[in-house]
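Summary of the model geometry
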Amino acid sequence: MGFLRATLAIALKDLRIERRSREVLNVAFSFALVVLLLFSFTFDPSGEETRAMSGGLLWLVFSFAGTLALNRSFARETANQCLDALVSAPVSGAAVFLGKALANALLLLALELACLPVFGIFYNVRWSVSFGWLLLVMALGTWGFTVVGTVFSALTVNVALREIMLPLLVFPITVPALMASVQLTTVLFTGEPIAAEMVWLRLLFGFDLIFTLLGLALVEYVLVG
Amino acid sequence: MKTLTAVTAVMMVAALYLAFVWVPTERSMGIVQRIFYFHMPSFVVAAVAIYVGLAASIGYLASRDLRFDELAASSIEVGLVFDTVNLATGPLWAKPVWGIWWTWDPRLTSAFVLWLMFIGYLLLRRGMEEPGTRAAASAVLTVFQAVGAVIVYMSNRLWRTQHPQPVIGGGAGSGLDREMWVALLGCLAALLALYICLLQLRRRLERLRRETDGLRRTLYSMS
């Protein structure tokens, strides 16, 4: 089986499982709502400064809810030794990793798109002004977060206290991707020109590229041990 | 090992003398500036420890030799100690000089992120039992974190551009007095010796731990 076909097969498998079980989306979306509620206590949600913070708030929601999804990505495979079967299947570990990362990224993007209108209503943010750019930033930011998260999800699959270990490892290293996404999202929400912030877009792109390549090169060691 | 320990002890006493008695007090910051002679070298040593850890991790991935894993784990754990010294002495210095304990300047933020990475690495190791998988997982994590740390620093510089210029090599008006250089390099040498000393002890401990673990497994499989 070719690399791309194997990747696609793994991604579709994960998405199919999610479509049938809804184990991630339901929980993660409800969790995102809870976080949105909690934010309303930490500052005045009707104030003008809310818009200046909106990018940061949104990406905190995304990354908190995102770790829930990433946790399940490889943990799901521990039942019935599915992980062993995946590893011993005649496909490369890189294909397994890329397929899972794709599925995770699509899942997170769907979650984020569902969060956006709710966020706009609760915090009075106009998110649809430059939706095309926003979509690009969300896609790049989410990919950076998921690509690191998927490797670390495999890394922590057999670790005690896995659910806590994953965010502990993922957040510090994804700081640049989060910073870039927050900066760009805030600019888009406030309606300032994005041209002045191109350096962040480049940083985000570079981050994605570097860690995708690193993940593809090293994931075999993680999966086989 | 005994000679190394003795030499390190002498060097540490000499470093204390250099930093607290010998070197003149800095004019504008006063006595508190003397923290610098331990603050900055401990970061340099922590950085050395990371690079040693990174090289050992790559060595493990290439060779699957657990001795590389011992070196990586030991170096990173000892590095955490020095990084903690760096992070703890920073606020002590900053409070009288800047008037605040902490500021989210790129250097400080990156140092803190780095410290969190160290902690994550050690916690991951604690959560894993099997030596082979643990070694592979922590080696991969080290490579990711080492690359990540560089990007974190770069992006933090973009984020907050009003950061203070580096004291050494920061352009005109920066730089150190000759006596201060002597004290700084003296402390750096002493701390590097201390690092090597601790690293050797820690490696021995790691090896003994692995041996007892192996024995326990054998015993367990026989009973």
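Residues numbered from 1 in each chain as written. Chains lettered and ligands numbered in written order. Predicted model: local features only at pLDDT ≥ 70, side-chain atom pairs only at ≥ 80, totals over all residues. Heavy atoms only, no water.

**So, the packing of aromatic side chains**
The tally for this structure, following the rule as stated, stands at 14 aromatic pairs over all chains. On the numbers, 5.4 Å between centres and 35° between planes, the contact of Phe119(A) with Tyr123(A) is tilted. Of this pair, Phe119(A) and Tyr123(A) both sit in helix α5 (residues 93–123), separated by four residues, roughly a single helical turn. Centre to centre, the rings of Phe207(A) and Phe211(A) are 4.6 Å apart; their planes meet at 50°, and the pair counts as tilted. Taken together, the residues Phe207(A) and Phe211(A), both in helix α9 (residues 198–224) and four residues apart, mark about one turn of the helix. Residues Phe207(A) and Phe211(A) agree in their burial class; the two are buried. Clustering of aromatic rings is evident, with ring pairs tying together Phe152(A), Phe207(A), Phe211(A) and Phe144(B). A cation sits over an aromatic face here: Lys100(A) above Phe74(A), 5.2 Å from the ring centre. (Phe/Tyr/Trp six-rings, centres within 6.5 Å; stacked < 30°, edge-to-face > 60°. Helix = DSSP H or I, 4+ residues; strand = E, 2+ residues; numbered from the N terminus. Buried < 20%, exposed > 50% of the residue type's maximum accessible area, 1.4 Å probe, protein only. Lys NZ or Arg CZ within 6 Å of the ring centre and 35° of its normal.)

**Brief notes about the pattern of salt bridges**
Residue and element names in this part refer to chain A. Enumeration according to the criterion identifies 16 salt bridges over all chains in this entry. Among the ionic pairs, Arg76 bridges to Glu18, the shortest N-O distance being 4.0 Å. Highlighted residues: Arg76 in the loop between α3 (49–75) and α4 (82–88) and Glu18 in helix α1 (residues 3–21), separated in sequence by 58 residues. Of the residues examined, Glu18 reaches a relative accessible area of 3% and is grouped as buried. (Salt bridge = Lys/Arg side-chain N within 4 Å of Asp/Glu carboxyl O.)

**Comments concerning the side chain of Thr8(B)**
Residue and element names in this part refer to chain B. Mapped onto the secondary structure, Thr8 falls in helix α1 (residues 2–22). Under the relative-accessibility criterion, Thr8 is labelled buried at 3%. Of the polar contacts made by the side chain of Thr8, one reaches the backbone oxygen of Leu4; its length is 2.7 Å. Discounting residues that sit within four places of it in the chain, Thr8 has contacts with Ala193, Leu194 and Cys197. (Polar contact = N/O pair within 3.5 Å; in protein donor to acceptor, adjacent residues only side chain to side chain. Contact = heavy atoms within 4.5 Å.)

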